[in-house]
Amino acid sequence: QVQLVESGGGLVQPGGSLRLSCVASGSIFSINAMGWYRQAPGKQRELVARRTSGGSTNYADSVKGRFTISRDNAKNTVYLQMNSLKPEDTAVYYCNAALVPGPLQVLRDYWGQGTQVTVSS
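Cut-offs and rules
- Residues numbered from 1 in each chain as written.
- Predicted model: local features only at pLDDT ≥ 70, side-chain atom pairs only at ≥ 80, totals over all residues.
- Heavy atoms only, no water.
- Helix = DSSP H or I, 4+ residues; strand = E, 2+ residues; numbered from the N terminus.
- Buried < 20%, exposed > 50% of the residue type's maximum accessible area, 1.4 Å probe, protein only.
- Lys, Arg positive; Asp, Glu negative; His and termini not counted.
- Salt bridge = Lys/Arg side-chain N within 4 Å of Asp/Glu carboxyl O.
- Polar contact = N/O pair within 3.5 Å; in protein donor to acceptor, adjacent residues only side chain to side chain.
- Contact = heavy atoms within 4.5 Å.
- Disulfide = S-S within 2.5 Å.

K.L.:
Before we go on, may I ask you to explain the side chain of arginine 71 in this structure?
P.N.:
Considering the arrangement of structural elements, one finds arginine 71 in strand β7 (residues 67-72). Buried and unpaired, arginine 71 has no salt bridge, with aspartate 72 as the nearest side chain of opposite charge at 8.3 Å. At a separation of 3.1 Å, a polar atom in the side chain of arginine 71 contacts the main-chain carbonyl oxygen of arginine 51. A polar contact of 3.1 Å, which involves the side chain of arginine 71, links it to the side chain of asparagine 73. Once you skip the residues sitting within four places of it in the chain, arginine 71 turns out to touch Ile31, Asn32, Ala33, Met34, Arg51, Thr52, Ser53, Thr77 and Val78.

K.L.:
In this structure, what is going on with the pattern of salt bridges? I would like to understand it.
P.N.:
Close approach of charged atoms allows side chains of opposite charge to pair. For the structure on display, the rule yields four salt bridges. Across the salt bridge formed by glutamate 46 and arginine 38, the nearest N and O atoms sit 2.7 Å from each other. Relative accessible area serves as the criterion here: at 35%, glutamate 46 is assigned to the partly exposed category. One salt bridge connects arginine 38 with aspartate 89, and the closest N-O pair in it is separated by 3.0 Å. Highlighted residues: arginine 38 in strand β4 (residues 30-39) and aspartate 89 in the loop between β8 (77-82) and β9 (91-100), separated in sequence by 51 residues. With relative accessibility at 6%, the residue arginine 38 sits in the buried group. Where salt bridges share partners, they join Arg38, Glu46, Arg66 and Asp89 into one cluster.

K.L.:
Would you mind going over the state of the cysteines with me for this structure?
P.N.:
Such a bond, covalent and formed between the sulfur atoms of two cysteines, is termed a disulfide. Across all of its chains, the model carries one disulfide by this definition. Disulfide pairing is shown between cysteine 22 and cysteine 95; the S-S distance is 2.1 Å. A torsion of -80° about the S-S bond marks the disulfide between cysteine 22 and cysteine 95 as left-handed. Residue cysteine 22 is located in strand β3 (residues 18-26), and its partner cysteine 95 is located in strand β9; the two are separated by 73 residues in the primary sequence. Both residues of the pair, cysteine 22 and cysteine 95, belong to the buried class.

These figures capture arrangement, not role.
As structure tokens, then:
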């Protein structure tokens, strides 16, 4: 069993900052990548930021220069530092991990339960 547990969401004013955390636990053989997606009401889920175990990162154009993803590989944890938040960043943020749960198993995607981020004055 693999679990992803997010924390750090909440209500923040425009221009403010939040830091999201996600810990992966359970049966984990190796992690290929961890990242964050978000889904606003009435919209499709979209990639926010992703970081591979080798250190490669990619960001949505809308968050470049404002959000920073980082990982602690030893703790199976990924963070998302969100600065200069805008109302359009309001969404449920989901943690994602592409990992192999066992030595003879294949790479699979796992998701957290989501954490709400609301940017409003």
